Amino acid sequence: MNEQAVIDALASMEAKSEAGDIPRYSAFTKRFFPRLPKIVRNDVKRKIAKRKQRQNPTKENLILAAEDAVKFGLKRAHFIEDKFPFVDSRAKSRTQPLSHDILMRDDAVSELAKEFADKCALLLTEESQPEIFKSFLDAIEHVYQLQSAELKTIHVNAPQVNFKKRDKKPEELEQDLQVAVLKMQSESWIEGRLLHLRAQYIEYSQITLERVGEGKHQSPVISALSFANWKQKQRDAKAFLETMAVMNNETGDSFNLEDVVKRTTANPENRRIEMMVRSRGFEELAKELGYTALFITWTLPSKYHRVSKKWNGASIKDGHQVLMQQWALGRALIAKEDIHYFGFRVAEPHKDATSHAHYFLFCSPDDKDFIIETLKSCAISEDKHELGSDISPRFEVKEADPKKGGATAYIAKYVSKNINGKHMPENEGEESAYRARAWASTHRIRQFQQFGGQPVSLWRNLRRAKPEQTMIDPKLEELRQAADSSKWSLFCQLADSAKVAYQTKQNQYGETTKKVIGFSWLGRLIETASECYSLVKKKDVKRLQEARSVSPWSTENNCNSPLVEHLQRVTGWSVEGVQCLISPLVAGAKVPIDRHLTIQLRNNRLTVT
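Residues numbered from 1 in each chain as written. Predicted model: local features only at pLDDT ≥ 70, side-chain atom pairs only at ≥ 80, totals over all residues. Heavy atoms only, no water.

**What about the overall build of the protein chain?**
In terms of regular secondary structure, the protein chain is built from 24 helices and 14 strands. Considering the protein chain as a whole, with its 609 residues, one finds that 44% of them fall into the buried category. Across the protein chain, the fraction of contacts at a sequence separation of at least 24, relative to all contacts at a separation of at least 6, is 65%. Carbon together with sulfur atoms contributes 49% to the accessible area of the protein chain, which is approximately 32200 Å² in total. (Helix = DSSP H or I, 4+ residues; strand = E, 2+ residues; numbered from the N terminus. Buried < 20%, exposed > 50% of the residue type's maximum accessible area, 1.4 Å probe, protein only. Contact = heavy atoms within 4.5 Å. Areas by Shrake-Rupley, 256 points an atom, 1.4 Å probe, with all protein chains shown as cover.)

**Points about the packing of helix α14 (residues 316-335) against helix α15 (residues 365-380)**
Taken N-terminus to C-terminus, the directions of α14 and α15 make an angle of 145°; their axes are 9 Å apart at the nearest point. Where α14 crosses over α15, the two elements pack in a sense that is right-handed. On the side of α14, the interface is formed by Q326, W327, L329, G330, L333 and I334, while α15 contributes F370, I371, T374, L375, C378 and A379. Looking at the contact of α14 with α15 residue by residue, the class counts come to nine nonpolar, three polar and no charged. (Axes fitted to C-alpha atoms, helices over the stretch in contact; angles between N-to-C directions. Left-handed = near helix turned anticlockwise from the far one by under 90°. Nonpolar A, V, L, I, M, F, W, Y, C, P; charged D, E, K, R; others polar.)

**A look at unusual backbone geometry**
Although it is not a glycine, H155 adopts a positive phi angle of roughly 60°. Here H155 is to be found in the loop between α7 (136-152) and α8 (165-168). Its identity as a non-glycine residue notwithstanding, V221 has a phi of 75°, on the positive side. Its place among the elements puts V221 in the loop between α10 (187-208) and α11 (224-243).

**Comments concerning α14**
At 3.6 residues per turn, the α-helix brings residues three or four places apart onto the same side. Between its first and last C-alpha atoms α14 spans 29 Å; for 20 residues at 1.5 Å apiece the expected length is 28 Å, and the two agree. Inspection of α14 places I316, G319, H320, V322, L323, M324, Q326, W327, G330 and I334 among the buried residues, and these make up the whole buried set. (Expected span 1.5 Å × (residues − 1).)

**With respect to the sheet that holds strand β1 (residues 244-248)**
The strands making up a sheet associate through hydrogen bonds between their backbones, and the pairing can be parallel or antiparallel. Reading across from one edge, β2-β1-β11 is the order of the three strands in this open sheet, with antiparallel pairing throughout. At either end of the open sheet lies a strand with only one pairing partner, and these are β2 (254-256) and β11 (533-537). For this sheet the average axis-to-axis angle between neighbouring strands, irrespective of direction, equals 30°. Contacts between α11 and the sheet are confined to β1 and β11, with β1 contributing the most and set at about 40° to the helix. (Pairing = 2+ DSSP bridges.)

**Brief notes about the nonpolar core**
In this structure, I80, L151, I154, I190 and L194 are the most contacted members of the largest nonpolar core, which totals 49 residues. Secondary-structure elements contributing two or more residues to this core are α2 (23-32), α3 (38-52), α4 (59-83), α6 (106-127), α7, α9 (170-184) and α10. Setting aside its immediate chain neighbours within four residues, I154 contacts P97, L98, L112, F116, I190, L194 and L197. By size, the runner-up hydrophobic cluster in this structure holds 37 residues, among which are F362, Y414, A482 and I526. (Core = buried A, V, L, I, M, F, W, Y, C linked by side-chain atoms within 4.5 Å.)

**Here we look at the sheet that holds strand β13 (residues 597-602)**
With respect to topology, three strands assemble into an open sheet ordered β12-β13-β14, the strand pairing being antiparallel. Sheet topology places β12 (591-594) and β14 (605-608) at the edges, where each strand pairs with a single neighbour. Mean inter-strand twist for the sheet, computed between neighbouring axes without regard to direction, equals 30°. Taken together, the four bridges between β13 and β14 define a ladder with antiparallel strand orientation. Looking across to β14, one finds that Q600 is bridged to T607. Across the sheet, helix α23 (residues 562-571) is in contact with β12, β13 and β14; its angle to β13 comes to roughly 160°.

**Overview of the environment of N61**
Mapped onto the secondary structure, N61 falls in helix α4. By relative accessible area, which is 35% here, N61 ends up partly exposed.

Okay, here's the thing in structure tokens:
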């Protein structure tokens, strides 16, 4: 429904209201209720159900409640329809392959993903005929454009490709297009995008319908529906961890995956502690350098806030991206002056879910004014007229006061209330922290980001290194000890000669990915990430340990050979089922059995990874 139709309908409704003609409201509801998107209709039903729960609700009150709910829905529907056209209830949209009902059902999403993956695969076989095009690059680009148009019909965006590479780096462009084309014919890739679209659709609609905020019948930061979905994902992840183990393929030792995860930064408490160590380290480093600490709060213009009358329908992610663009511009301008600074950014939601940012920035007192003025100009450049002489609603700076405690004490509150709520007042405790994490996950917003200083991935790799690996150089051993004893300040000062080391691989789409394997010291590689561990189901651990402990066997292909028997034990397949594995194993290939299990013959012995 367009805005003019809404205005006309509401004007008609107001005229009836003045006439006091209550029975005709029911006709209005019957007329306009079906025109609302289904997610809005569901909200109307929920409001009427709430009204029915009141003591002795009269028929007139229920009619008025329905009218008020439909009136509100009419005001808000166009925002949702503009953002997600597939929910438009007008006749012309009914032929669209994607709808509210399809998107809200897992089985329907999987079926739709399969259907469009098949369509895209067919385009690759039918449209990439080399004799029609001047080059393979032209052919693969043609397929990319066709697949992209196909997926647009279900509101899935194609992988981004930089076509500016055509002139200077055509080989790279060709590789990028091949990766993109393979992704667009992958069921799992398309399904993942549809599931993310669902999460966006639900939460944007809930925000638009004023289900998020600090008022009555509102949920702070994130809607009750999306929060429930996030908590279910957490339960599913916990259930998965409880069924899996990590196995050392060389020794056969195994560890419960949940115990391993508890020792990593995937554990919120470990993540909070690491952030506090780094914050304290930066504060110590700043003191040594004679730097001052600035605490900056950076907020968006009114049009990005749903609670504002100026709201333009922007999503939470839209607003957050504007914040990050403004910050990037500010950093670029400061970089031109070769100014040294470091610190952290914390992304945090307002009660209505709109993103804002806190910056904890350490810099030289001589550079302080330039940094503040540069960042301020970036923050207030958009819609500056709405601020007047007071810019604090958009950009506010406080300088650290040693008399009121150190910078780390100030940062601690923001770190804790966005991770797990530890050491916070009751009203800002665990529940609020969970909501902040659910908000970041739903909108795909990075909560914490370090700028300046040494990368935390290098720190983590140094902490995994063994003393015998770093004894090759006294300075390297000193660096390892600084990391191992959580001395972030000293680590940052000693780490200039160390670099994170990566191993490049190709994933299932032919895309080059990087995996951290350790670090380099003055050009010498020191590996800290072992390849000998694999993820297996707990129930399979004993069987796999028995399989790897057997003696070597002949690889003769017969039903009674030791190899066949052990393949049966490892896979759980029949004698006939394992016959297809023998030839590729003998040829030296790694053979995947399922998503968690791969087998290979090494030195005439079956190994499991």
